[in-house]
Amino acid sequence: MNHRYAHSEAFLERALRSIPLGSQTFSKSRTQYPHGVSPYFIQRGNGARVWDIDGNEYLDFINSLASVTLGYNDPDVTAAVEAQLKEGVIFSLPHPVETEVAERIIDMVPCADMVRFGKNGSDATAGAIRLARAHTSRDRVAVCGYHGWQDWYIGSTARNRGVPQAVRDLTHSFPFNDLDALDKLLLAHPNEFAAVILEPMNIAEPLPGYLEGVAALTRRHGALLVFDETITGFRFAEGGAQALFGITPDLATFGKGLANGYPVSAVAGRRDLMRLMEEIFFSFTFGGETLSLAASLATLDKLRRCQVTDHLASLGSRLMDGVRRRIAEHGVDALLSVSGHPSWSFLLLRDTPLASQWETKTLLLQSLFERGILSLGTHNLSYAHTEADIDRLLAVYDEVFPLLRAGALEGRMVELLRCPPLEPLFKVR
């Protein structure tokens, strides 16, 4: 047992007796964190920092899988939630905050004429697909990106156990930035696709004309265009990626950036489509839960008041430029690259003749965690991050990149790793 993580490792054993994987979220579970060199439980967070149950402090670049946009325990959000708590959490009729948050989203998001709320991103994407199927009277869906745990999507991935084949057959994946592939897919099943749903950007930027082409193809084939903005929404720009790239979808879904970590998601879109919510069934006992909606209202107002997305883009550009320089300086360009949007960037690892990317990732995480950096290889920035925090991460990379070179390019991986390497499992992106 590693003394630095002794309480985490002991508590993991306890958690595994009552919770499968020891976590409610696959991406937070032991499958993602190499055993013996990782924390497994966080006790508290404030600003850009978190503390694990062993008392170790970390500068956090995961930010609860990019759901914390302003920072942990943001004072404006916390004050709004505390005030709402005194009024109540859930009632027998809707609370006015539901309408207030819907109005904010309509004011900010280009495609939004009307809004409905859920709790997770998966709620919103499933609702959007049901709307598309109701509107078009078609069944097939084309997908690009990660869209949640529900059967309609997850059946198209390697994690499809428990999903009926009949459901799996209706969902078709297509590669990002490849218009020809999408066109061939839609032509292979003429007049059968209800929707094309995609993350407008994740690891790679859309090529010039790509999103415009997706929109044109989708509409030419009579399907609806759905942007899954669970992460890009209220992070890439105040109006999401659709505002940044100037492409307005028929429907869009939001989640992680909506309430600074409080559980709420949204489907937004054209009025004629959203009116179908009155005919399909999309209903949640806790869909109007007021604490999360109060947090959302405070978050959206602060995003605009403090120009949060500009701050994220500025810090992220500083970080990505610094990472690129260090990749060159440390001679690891055959091993590493950086990609993505400045507010949500990815450190990409490659296999080498001497090490797999999973061995290299294990060494990366081992080295970051012990230096007080919490990251899984992504840089999910928050408003609480400062230039000093970015410079701290870059200074850590100055220490870690030579270790990665030694392990993956010089054949010293076995010597440097203090734990078994991670194993390739279900990969979200």
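In this report, we go over the structure that sits alongside the text. Predicted model only: the values in this text are computed from it and were never measured.

Here is what the cut-offs are and how they apply
- Residues numbered from 1 in each chain as written.
- Predicted model: local features only at pLDDT ≥ 70, side-chain atom pairs only at ≥ 80, totals over all residues.
- Heavy atoms only, no water.
- Pairing = 2+ DSSP bridges.
- Helix = DSSP H or I, 4+ residues; strand = E, 2+ residues; numbered from the N terminus.
- Axes fitted to C-alpha atoms, helices over the stretch in contact; angles between N-to-C directions.
- Contact = heavy atoms within 4.5 Å.
- Buried < 20%, exposed > 50% of the residue type's maximum accessible area, 1.4 Å probe, protein only.

This part takes up the sheet that holds strand β7 (residues 193-198). With mixed pairing, the seven strands of this open sheet are ordered in space as β4-β10-β9-β8-β7-β5-β6. The two strands at the open ends of the sheet, each matched to only one other strand, are β4 (114-118) and β6 (171-173). Direction aside, neighbouring strands of the sheet carry axes that sit 20° apart on average. As defined by bridge partners, β7 adjoins strand β8 (residues 224-229) across four bridges and the pair is classed as parallel. By the bridge assignment for β8, Ile-197 is matched with Val-226. Strands in contact with helix α9 (residues 210-220) are β7 and β8; relative to β8, the strand with the most contacts, it is inclined by about 140°.

With respect to the helices and strands, the residue Leu-365 is situated in helix α14 (residues 357-370). By relative accessible area, which is 0% here, Leu-365 ends up buried. Considering only alpha carbons, one finds Leu-365 and Leu-300, 65 residues apart in sequence, at a separation of 33 Å. Each residue touching Leu-365, except ones within four places of it in the same chain, is listed here: Gln-32, Pro-34, Ser-375, Leu-376 and Leu-422.

In this sheet, strand β2 (residues 49-52) lies alongside strand β1 (residues 42-46) in antiparallel orientation, the contact comprising four bridges. The partner of Ile-42 across the bridge, within β2, is Asp-52. Counting the residues that bridge the hairpin from β1 to β2 gives two residues, and of these Gly-47 lies at a positive phi of roughly 65°.

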